[in-house]
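# Structural overview for review
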Amino acid sequence: MPLRPVLQFPDRRLREVSKPIEAVTDEIRALAQDMLDVMYDEPGIGLAAPQLGFPVRLIVVDVGWTEEDAEKSPRVLVNPEIVDAEGKITWNEGCLSVPDFQADVERAERVRLRATDLDGNPLEIEASGLEAVCFQHEIDHLDGVLFIDRISRLKRSMYVRKRMKQLREERDDAASPTSEDARQG
Ligand SMILES: [Zn+2]
């Protein structure tokens, strides 16, 4: 099956608040597998279900996997919730749903999370540094929040203008035949 596309800003579905998962069904397990396939293909270090258009509280994270031959050790978290956070860290973040942009974001340096795994077992996880940043970024997606909401208004509006221009250009390109098509026609 082809990989599911990642929704991109300003897709409104990225702004929805995702619903808790009441039971881990085969559909949820299949969605988790699709999310892992997309994350490793991009590659990214985390993905949230709403990025694939499913408004449910499910995230996958693997901060150790940075090269193609590195060992994969994904975390798949159902209904993740931050129960404790402390310290501050600034990280230069990017997002598969926010093309061609990175910016410094300040977040908690250490977090404690509760979630369940795909077998319904309760998990309690402590994370710091990049992993803590990644969990906070992905859980934000479940609440319809993007990292560009956490940067200055000026930087955000510069990005939004650039993105709108990019989308206009893509639309214009799609509307007019390319030189290739013209030759063939
Ligand atoms: Zn993201």
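Report follows, based on the coordinates. Owing to the predicted nature of the structure, the values given are computational and were not obtained by experimental measurement.

Below, the discussion takes up the coordination of the zinc ion. The zinc ion binds to the protein through Cys 95 (SG), His 137 (NE2) and His 141 (NE2), with metal-donor distances spanning 2.0 to 2.3 Å. As a motif over one chain, the donors of the zinc ion read C-x41-H-x3-H. On the criterion of sequence distance, the pair formed by Cys 95 in strand E4 (residues 89-95) and His 141 in helix H2 (residues 129-142) is long-range, its members being 46 residues apart.

Here the focus is a negative patch on the surface. There is a patch of like negative charges on the surface, built from Asp 100, Glu 170, Asp 172 and Asp 173. With 3 residues, the single largest contributor to the negative patch is helix H3 (residues 153-175). As for its position among the elements, Glu 170 is in helix H3. Residue class for Glu 170 comes out partly exposed when judged on its relative accessible area of 45%.

Right, let's get into the sheet that holds strand E7 (residues 122-128). Strand order across the open sheet formed by 5 strands is E1-E2-E3-E6-E7, with antiparallel pairing between neighbours. If you trace the sheet from one side to the other, it starts and ends with strand E1 (46-48) and E7, each paired once. Each strand axis lies, on average, 40 degrees off the axis of its neighbour in the sheet, ignoring direction. As defined by bridge partners, E1 adjoins strand E2 (residues 58-61) across 3 bridges and the pair is classed as antiparallel. Its bridge partner being in E2, Leu 47 is matched across the sheet by Val 60. Sheet contacts for helix H1 (residues 26-41): E1, E2 and strand E3 (75-86); angle to E2, the most-contacted strand, approximately 35 degrees. Seen against the sheet, H2 touches E1, E2, E3, strand E6 (110-116) and E7 and runs at an angle of roughly 155 degrees to E2.

Rules used in this analysis
Residues numbered from 1 in each chain as written. Predicted model: local features only at pLDDT ≥ 70, side-chain atom pairs only at ≥ 80, totals over all residues. Heavy atoms only, no water. Donors = N, O, S within 2.8 Å, 3.2 Å for Na, K, Ca; no water. Helix = DSSP H or I, 4+ residues; strand = E, 2+ residues; numbered from the N terminus. Patch = residues over 30% accessible without salt bridge, like charges linked within 9 Å, V, L, I, M, F, W, Y side chains within 5 Å. Areas by Shrake-Rupley, 256 points an atom, 1.4 Å probe, with all protein chains shown as cover. Salt bridge = Lys/Arg side-chain N within 4 Å of Asp/Glu carboxyl O. Lys, Arg positive; Asp, Glu negative; His and termini not counted. Charge placed at Lys NZ, Arg CZ, Asp CG, Glu CD. Buried < 20%, exposed > 50% of the residue type's maximum accessible area, 1.4 Å probe, protein only. Pairing = 2+ DSSP bridges. Axes fitted to C-alpha atoms, helices over the stretch in contact; angles between N-to-C directions. Contact = heavy atoms within 4.5 Å.

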